[in-house]
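Structural description and commentary
Chain residues, written in single-letter form:
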Amino acid sequence: MSFKLEECVYRGEGKFCISDYPTSVEVDKGEKEKYVQLTEENTARMAELQDKLYAEAKEGVVILIQAMDAAGKDSTIKHVMSGVNPQGCVVHSFKQPSHEELAHSFLWRAMMHMPQRGYLGVFNRSYYEDVLVVRVHDLQRGYAMPSRCIDMDSGKFFEKRYRQISDFEEYLWENGYRVVKIFLNEGKEEQAKRFLARIEDESKNWKFSEADMKERALWDEYQKAYEKAIGSTASKHAPWYVIPADQKWFARYLVSEAIVGVLKDIDPRYPEMPADQKAHLASCKQQLEQGA
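Residues numbered from 1 in each chain as written. Predicted model: local features only at pLDDT ≥ 70, side-chain atom pairs only at ≥ 80, totals over all residues. Heavy atoms only, no water.

**Observations concerning the overall build of the protein**
Looking only at helices and strands, the protein features twelve helices and six strands. Projected onto its principal axes, the C-alpha positions of the protein cover 75 × 55 × 40 Å. With 292 residues in all, the protein has 46% of them scored as buried. Within the protein, contacts between residues separated by at least 24 positions form 81% of all contacts whose residues are at least 6 apart in sequence. Accessible surface for the protein amounts to roughly 15,800 Å². Of this, 49% is attributable to carbon and sulfur atoms. (Helix = DSSP H or I, 4+ residues; strand = E, 2+ residues; numbered from the N terminus. Buried < 20%, exposed > 50% of the residue type's maximum accessible area, 1.4 Å probe, protein only. Contact = heavy atoms within 4.5 Å. Areas by Shrake-Rupley, 256 points an atom, 1.4 Å probe, with all protein chains shown as cover.)

Structural data, given as C-alpha coordinates:
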(Lines give C-alpha, C1' and ligand atoms only; values in the text may rest on other atoms or scores of the structure.)
Protein backbone atom coordinates (compact mmCIF):
# COMPACT_ATOMS: atom_id res chain seq x y z
CA MET A 1 0.00 0.00 0.00
CA SER A 2 1.62 3.25 -1.14
CA PHE A 3 -1.06 5.79 -0.10
CA LYS A 4 0.44 8.40 2.23
CA LEU A 5 -1.01 11.03 4.53
CA GLU A 6 0.53 13.80 2.42
CA GLU A 7 -1.92 12.90 -0.36
CA CYS A 8 -4.76 13.96 1.95
CA VAL A 9 -3.40 17.40 2.81
CA TYR A 10 -4.68 20.62 1.25
CA ARG A 11 -2.85 23.80 2.27
CA GLY A 12 -4.72 26.29 0.13
CA GLU A 13 -2.47 26.02 -2.91
CA GLY A 14 -4.40 25.87 -6.18
CA LYS A 15 -8.12 25.24 -6.61
CA PHE A 16 -9.68 22.68 -4.28
CA CYS A 17 -12.00 20.10 -5.83
CA ILE A 18 -13.50 17.60 -3.42
CA SER A 19 -13.81 15.04 -6.22
CA ASP A 20 -10.00 14.95 -6.46
CA TYR A 21 -9.87 13.33 -3.01
CA PRO A 22 -11.01 9.70 -2.76
CA THR A 23 -13.48 8.39 -0.20
CA SER A 24 -11.68 5.04 -0.30
CA VAL A 25 -8.25 3.88 -1.41
CA GLU A 26 -9.41 0.25 -1.20
CA VAL A 27 -6.73 -1.05 1.13
CA ASP A 28 -6.74 -4.85 1.13
CA LYS A 29 -8.58 -6.18 4.20
CA GLY A 30 -5.64 -8.52 4.74
CA GLU A 31 -3.67 -5.43 5.78
CA LYS A 32 -6.20 -4.36 8.39
CA GLU A 33 -4.31 -5.79 11.38
CA LYS A 34 -1.14 -4.03 10.25
CA TYR A 35 -2.86 -0.63 10.21
CA VAL A 36 -4.66 -1.30 13.48
CA GLN A 37 -1.24 -2.01 15.01
CA LEU A 38 0.25 1.13 13.46
CA THR A 39 -2.64 3.17 14.86
CA GLU A 40 -2.00 1.72 18.33
CA GLU A 41 1.68 2.62 18.02
CA ASN A 42 0.74 6.15 17.01
CA THR A 43 -1.64 6.37 19.96
CA ALA A 44 1.17 5.37 22.32
CA ARG A 45 3.50 7.94 20.73
CA MET A 46 0.75 10.54 20.97
CA ALA A 47 0.44 9.87 24.70
CA GLU A 48 4.19 10.41 25.19
CA LEU A 49 4.17 13.67 23.26
CA GLN A 50 0.98 14.87 24.96
CA ASP A 51 2.59 14.35 28.37
CA LYS A 52 5.44 16.64 27.32
CA LEU A 53 3.01 19.14 25.76
CA TYR A 54 1.09 19.28 29.05
CA ALA A 55 4.26 19.68 31.12
CA GLU A 56 5.70 22.39 28.87
CA ALA A 57 2.35 24.22 28.54
CA LYS A 58 3.51 26.51 25.73
CA GLU A 59 1.39 25.33 22.81
CA GLY A 60 -2.15 24.02 22.51
CA VAL A 61 -3.58 21.75 19.82
CA VAL A 62 -7.16 21.98 18.54
CA ILE A 63 -8.35 19.00 16.48
CA LEU A 64 -11.52 19.58 14.45
CA ILE A 65 -13.43 16.56 13.14
CA GLN A 66 -15.93 17.35 10.38
CA ALA A 67 -17.90 14.85 8.31
CA MET A 68 -21.22 13.85 6.85
CA ASP A 69 -23.51 11.69 9.03
CA ALA A 70 -22.25 8.14 9.78
CA ALA A 71 -18.70 8.92 8.61
CA GLY A 72 -17.22 7.76 11.93
CA LYS A 73 -16.52 10.94 13.90
CA ASP A 74 -17.31 9.44 17.31
CA SER A 75 -15.50 6.15 16.71
CA THR A 76 -12.46 7.96 15.31
CA ILE A 77 -12.19 10.07 18.45
CA LYS A 78 -12.73 7.00 20.64
CA HIS A 79 -10.05 4.88 18.95
CA VAL A 80 -7.42 7.48 18.09
CA MET A 81 -7.54 9.34 21.41
CA SER A 82 -7.87 6.20 23.55
CA GLY A 83 -4.36 6.43 25.02
CA VAL A 84 -4.35 10.15 25.74
CA ASN A 85 -4.34 11.26 29.37
CA PRO A 86 -7.78 12.82 30.09
CA GLN A 87 -6.02 15.33 32.36
CA GLY A 88 -4.58 17.05 29.31
CA CYS A 89 -7.37 16.52 26.79
CA VAL A 90 -10.86 18.02 26.42
CA VAL A 91 -13.52 16.87 23.94
CA HIS A 92 -16.51 19.01 23.00
CA SER A 93 -19.37 18.11 20.67
CA PHE A 94 -20.92 21.03 18.80
CA LYS A 95 -24.67 20.49 18.72
CA GLN A 96 -27.39 22.80 17.41
CA PRO A 97 -26.54 26.21 18.90
CA SER A 98 -28.40 27.19 22.05
CA HIS A 99 -30.33 30.44 22.49
CA GLU A 100 -27.38 31.88 24.40
CA GLU A 101 -24.92 30.87 21.66
CA LEU A 102 -27.09 32.38 18.94
CA ALA A 103 -27.08 35.64 20.89
CA HIS A 104 -23.30 35.89 20.37
CA SER A 105 -21.04 35.91 17.33
CA PHE A 106 -20.73 32.49 15.69
CA LEU A 107 -17.13 32.02 16.88
CA TRP A 108 -18.03 32.77 20.51
CA ARG A 109 -18.82 29.19 21.46
CA ALA A 110 -15.57 27.99 19.92
CA MET A 111 -13.64 30.43 22.10
CA MET A 112 -15.62 29.29 25.14
CA HIS A 113 -14.37 25.73 24.63
CA MET A 114 -10.83 26.50 23.49
CA PRO A 115 -8.36 24.40 25.52
CA GLN A 116 -5.64 26.10 27.48
CA ARG A 117 -2.09 25.86 26.16
CA GLY A 118 -0.60 22.49 26.99
CA TYR A 119 -3.85 20.67 26.21
CA LEU A 120 -5.28 18.77 23.28
CA GLY A 121 -8.77 19.98 22.43
CA VAL A 122 -11.00 17.83 20.21
CA PHE A 123 -14.05 19.39 18.55
CA ASN A 124 -16.63 16.88 17.31
CA ARG A 125 -17.99 19.16 14.59
CA SER A 126 -17.02 22.79 15.10
CA TYR A 127 -17.55 26.40 14.09
CA TYR A 128 -17.45 25.12 10.50
CA GLU A 129 -21.09 24.07 10.96
CA ASP A 130 -21.84 27.79 10.53
CA VAL A 131 -20.69 27.62 6.90
CA LEU A 132 -22.03 24.11 6.23
CA VAL A 133 -25.50 23.35 7.62
CA VAL A 134 -26.21 27.09 7.84
CA ARG A 135 -25.33 27.54 4.18
CA VAL A 136 -27.21 24.47 2.95
CA HIS A 137 -30.39 25.49 4.80
CA ASP A 138 -29.93 29.26 4.36
CA LEU A 139 -30.36 29.68 8.12
CA GLN A 140 -28.56 33.01 8.31
CA ARG A 141 -31.72 34.70 7.02
CA GLY A 142 -33.37 34.11 10.37
CA TYR A 143 -30.54 35.45 12.53
CA ALA A 144 -31.27 38.31 14.92
CA MET A 145 -28.65 40.58 13.41
CA PRO A 146 -28.62 44.06 11.83
CA SER A 147 -29.73 44.17 8.21
CA ARG A 148 -26.22 45.30 7.19
CA CYS A 149 -24.95 41.88 8.35
CA ILE A 150 -27.45 39.61 6.62
CA ASP A 151 -29.24 41.50 3.82
CA MET A 152 -26.91 40.44 1.03
CA ASP A 153 -26.35 37.68 -1.46
CA SER A 154 -25.62 34.39 0.37
CA GLY A 155 -22.34 34.03 -1.52
CA LYS A 156 -21.13 37.36 -0.19
CA PHE A 157 -22.34 36.51 3.34
CA PHE A 158 -20.36 33.27 3.47
CA GLU A 159 -17.27 34.77 1.85
CA LYS A 160 -17.18 37.07 4.87
CA ARG A 161 -17.46 34.07 7.18
CA TYR A 162 -14.65 32.22 5.44
CA ARG A 163 -12.47 35.28 5.91
CA GLN A 164 -13.45 35.52 9.57
CA ILE A 165 -12.63 31.84 10.11
CA SER A 166 -9.26 32.20 8.38
CA ASP A 167 -8.44 35.26 10.48
CA PHE A 168 -9.52 33.40 13.62
CA GLU A 169 -7.26 30.44 12.85
CA GLU A 170 -4.34 32.75 12.12
CA TYR A 171 -5.06 34.47 15.44
CA LEU A 172 -4.88 31.08 17.17
CA TRP A 173 -1.55 30.32 15.46
CA GLU A 174 -0.15 33.66 16.59
CA ASN A 175 -1.24 32.90 20.16
CA GLY A 176 0.36 29.49 20.50
CA TYR A 177 -2.19 27.08 19.00
CA ARG A 178 -2.08 24.52 16.21
CA VAL A 179 -5.35 23.80 14.42
CA VAL A 180 -5.64 20.30 12.93
CA LYS A 181 -8.66 20.17 10.60
CA ILE A 182 -9.91 16.69 9.70
CA PHE A 183 -12.60 16.02 7.11
CA LEU A 184 -13.67 12.36 7.05
CA ASN A 185 -14.49 12.03 3.37
CA GLU A 186 -17.24 9.42 3.21
CA GLY A 187 -18.83 8.07 0.03
CA LYS A 188 -22.58 8.28 -0.51
CA GLU A 189 -22.91 4.51 -1.03
CA GLU A 190 -20.94 3.83 2.14
CA GLN A 191 -23.22 6.16 4.10
CA ALA A 192 -26.24 4.18 2.86
CA LYS A 193 -24.63 0.92 4.07
CA ARG A 194 -23.97 2.41 7.51
CA PHE A 195 -27.50 3.77 7.79
CA LEU A 196 -28.86 0.31 6.90
CA ALA A 197 -26.63 -1.23 9.57
CA ARG A 198 -28.08 1.16 12.15
CA ILE A 199 -31.62 0.20 11.14
CA GLU A 200 -30.97 -3.56 11.12
CA ASP A 201 -29.09 -3.63 14.45
CA GLU A 202 -31.48 -2.85 17.32
CA SER A 203 -28.59 -1.75 19.52
CA LYS A 204 -27.83 0.97 16.96
CA ASN A 205 -31.40 2.10 16.21
CA TRP A 206 -30.95 5.08 18.52
CA LYS A 207 -28.24 6.43 16.20
CA PHE A 208 -30.66 6.77 13.29
CA SER A 209 -33.36 9.40 12.84
CA GLU A 210 -35.70 10.68 10.16
CA ALA A 211 -33.57 13.81 10.00
CA ASP A 212 -30.67 11.69 8.71
CA MET A 213 -32.63 10.89 5.55
CA LYS A 214 -33.61 14.53 5.06
CA GLU A 215 -29.96 15.59 5.26
CA ARG A 216 -28.90 12.74 2.96
CA ALA A 217 -31.30 14.10 0.32
CA LEU A 218 -29.13 17.24 0.35
CA TRP A 219 -25.90 15.31 -0.26
CA ASP A 220 -24.84 17.31 -3.33
CA GLU A 221 -25.49 20.62 -1.57
CA TYR A 222 -23.38 19.52 1.39
CA GLN A 223 -20.55 18.41 -0.89
CA LYS A 224 -20.54 21.85 -2.51
CA ALA A 225 -20.58 23.51 0.90
CA TYR A 226 -17.64 21.40 2.10
CA GLU A 227 -15.73 22.07 -1.10
CA LYS A 228 -16.20 25.81 -0.70
CA ALA A 229 -15.40 25.82 3.03
CA ILE A 230 -12.24 23.73 2.68
CA GLY A 231 -11.07 25.59 -0.41
CA SER A 232 -11.60 28.97 1.25
CA THR A 233 -10.04 28.31 4.66
CA ALA A 234 -7.06 26.01 4.15
CA SER A 235 -3.71 27.65 4.85
CA LYS A 236 -0.09 26.86 5.64
CA HIS A 237 -0.75 27.09 9.39
CA ALA A 238 -4.20 25.47 9.30
CA PRO A 239 -4.36 22.95 6.44
CA TRP A 240 -7.18 20.50 5.88
CA TYR A 241 -6.69 16.73 5.99
CA VAL A 242 -9.25 15.19 3.61
CA ILE A 243 -9.24 11.61 4.88
CA PRO A 244 -10.73 8.72 2.84
CA ALA A 245 -13.25 7.41 5.36
CA ASP A 246 -14.97 4.41 3.77
CA GLN A 247 -12.60 2.02 5.58
CA LYS A 248 -12.77 3.17 9.18
CA TRP A 249 -9.64 1.39 10.36
CA PHE A 250 -7.52 2.99 7.63
CA ALA A 251 -9.08 6.41 8.26
CA ARG A 252 -8.18 6.12 11.95
CA TYR A 253 -4.60 5.33 11.03
CA LEU A 254 -4.37 8.43 8.82
CA VAL A 255 -5.92 10.64 11.51
CA SER A 256 -3.43 9.31 14.07
CA GLU A 257 -0.61 10.04 11.61
CA ALA A 258 -1.82 13.63 11.23
CA ILE A 259 -2.00 14.28 14.98
CA VAL A 260 1.34 12.65 15.76
CA GLY A 261 2.90 14.61 12.90
CA VAL A 262 1.75 17.92 14.38
CA LEU A 263 2.93 16.96 17.87
CA LYS A 264 6.34 15.97 16.50
CA ASP A 265 6.57 19.30 14.73
CA ILE A 266 5.86 21.08 18.02
CA ASP A 267 8.58 18.93 19.62
CA PRO A 268 7.50 19.59 23.24
CA ARG A 269 10.07 19.13 26.00
CA TYR A 270 9.86 18.55 29.71
CA PRO A 271 10.77 21.79 31.52
CA GLU A 272 14.40 22.01 32.66
CA MET A 273 14.62 22.43 36.42
CA PRO A 274 16.65 25.44 37.66
CA ALA A 275 19.83 24.62 39.61
CA ASP A 276 18.37 25.71 42.96
CA GLN A 277 15.31 23.48 42.50
CA LYS A 278 17.51 20.53 41.52
CA ALA A 279 19.48 21.06 44.73
CA HIS A 280 16.21 21.11 46.69
CA LEU A 281 15.09 17.86 45.02
CA ALA A 282 18.40 16.27 45.92
CA SER A 283 17.88 17.33 49.54
CA CYS A 284 14.35 15.90 49.57
CA LYS A 285 15.61 12.65 48.09
CA GLN A 286 18.28 12.35 50.78
CA GLN A 287 15.70 12.94 53.54
CA LEU A 288 13.34 10.34 52.09
CA GLU A 289 16.09 7.75 51.73
CA GLN A 290 17.09 8.37 55.35
CA GLY A 291 13.51 7.85 56.47
CA ALA A 292 12.96 11.43 57.61
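Still more to cover.
**With respect to the layout of surface pockets**
As a volume, the largest pocket reaches approximately 1,400 Å³. What lines the largest pocket is a set of 43 residues, among which Asp69, Ala70, Lys73, Arg125 and Asp212 lie closest to the centre. Sorting the residues of the lining of the largest pocket by element identifies helix 2 (73-80), helix 5 (133-137), helix 8 (188-200), helix 9 (210-216) and helix 10 (219-233) as the ones contributing at least two each. Broken down by element, the residue count for the lining of the largest pocket peaks at six residues, all from helix 8. Broken down by class, the residue content of the lining of the largest pocket amounts to 18 nonpolar, seven polar and 18 charged. (1 Å grid on protein atoms, 1.4 Å probe; cavity = no way out; pocket = protein on both sides within 12 Å on 5 of 7 lines; lining within 4 Å. Points joined across faces, edges and corners; volume = space filled by probe spheres on them. Nonpolar A, V, L, I, M, F, W, Y, C, P; charged D, E, K, R; others polar.)

**Concerning helix 1 (residues 32-56)**
Along its 25 residues, helix 1 runs 36 Å from first to last C-alpha, staying within 8% of the 36 Å computed at 1.5 Å per residue. Every buried residue of helix 1 is accounted for by Tyr35, Thr39, Asn42, Thr43, Met46, Leu49, Gln50 and Leu53. Elements that come into contact with the buried residues of helix 1 comprise strand 2 (60-67), helix 2, strand 3 (89-93), strand 4 (120-124) and helix 11 (248-266). Taken from the residues just after helix 1, Ala57 is the one with a positive phi, measuring 55°. (Expected span 1.5 Å × (residues − 1).)

**Considering the sheet that holds strand 2**
Across a sheet, strands are paired by hydrogen bonds formed along the backbone, either parallel or antiparallel in direction. If you walk across this open sheet you meet the six strands as 1-6-5-2-4-3, and the pairing is mixed. Single-partner strands in this sheet number two, and they are strand 1 (9-10) and strand 3. (Pairing = 2+ DSSP bridges.)

**Concerning the nonpolar core**
In this structure, Tyr127 and Tyr128 are the most contacted members of the largest nonpolar core, which totals 42 residues. When contributions to this core are tallied by element, the ones reaching two or more residues are strand 2, helix 5, helix 6 (147-150), helix 7 (154-174), strand 5 (177-185), helix 10 and strand 6 (240-244). Excluding residues within four positions of it along the chain, Tyr128 makes contact with Leu64, Gln66, Ile165, Glu169, Lys181, Ala229, Thr233 and Trp240. Counting 40 residues, the second largest nonpolar core, distinct from the first, contains Ala67, Leu120, Tyr241 and Val255. (Core = buried A, V, L, I, M, F, W, Y, C linked by side-chain atoms within 4.5 Å.)

**A few points about the packing of helix 7 against helix 10**
At a minimum axis distance of 9 Å, the contact between helix 7 and helix 10 shows a crossing angle of 45°. Considered as vectors, helix 7 and helix 10 are oriented oblique to each other. Seen from above, helix 7 lies across helix 10 with right-handed handedness. Judged by residue contacts, Glu159, Tyr162, Ile165, Ser166 and Glu169 of helix 7 engage Lys228, Ala229, Ser232 and Thr233 from helix 10. (Axes fitted to C-alpha atoms, helices over the stretch in contact; angles between N-to-C directions. Parallel < 35°, antiparallel > 145°, perpendicular 65-115°, else oblique. Left-handed = near helix turned anticlockwise from the far one by under 90°.)

**Some points on the packing of aromatic side chains**
A full pass over the atoms with the stated rule returns 15 aromatic pairs. By the ring-pair criterion, three or more aromatic residues cluster together here, those being Phe3, Tyr35, Trp249, Phe250 and Tyr253. Between Arg161 and the ring centre of Phe106, over which it is positioned, the NZ or CZ distance is 4.2 Å. (Phe/Tyr/Trp six-rings, centres within 6.5 Å; stacked < 30°, edge-to-face > 60°. Lys NZ or Arg CZ within 6 Å of the ring centre and 35° of its normal.)

**Points about the environment of Lys264**
One can find Lys264 in helix 11. What makes Lys264 partly exposed here is its relative accessible area of 48%. The sequence separation of Lys264 and Lys95 amounts to 169 residues, and the corresponding C-alpha distance is 31 Å. If we ignore the near neighbours within four places in the chain, the residues touching Lys264 are Arg45 and Leu49.

**Structural notes on empty space enclosed by the protein**
Under the counting rule described, the total for this entry stands at one cavity of 30 Å³ or more. Put simply, the largest cavity is a space of about 40 Å³. Along its surface, the largest cavity is lined by Ile63, Ile65, Thr76, Ile77, Val80, Met81, Val122, Val255 and Ile259. Every element with two or more residues in the lining of the largest cavity is listed here: strand 2, helix 2 and helix 11. The dominant element in the lining of the largest cavity, judged by the number of residues it contributes, is helix 2, at three residues. Its residues placed into classes, the lining of the largest cavity shows eight nonpolar, one polar and no charged.

**Here's the deal with unusual backbone geometry**
In this structure, Asp138 takes a positive phi of about 55° despite not being glycine. Among the structural elements, Asp138 can be located in the loop between helix 5 and helix 6. Judged by its relative accessible area of 35%, Asp138 falls in the partly exposed class. A positive phi is found at Asp267, a non-glycine position, where the angle reads about 55°.

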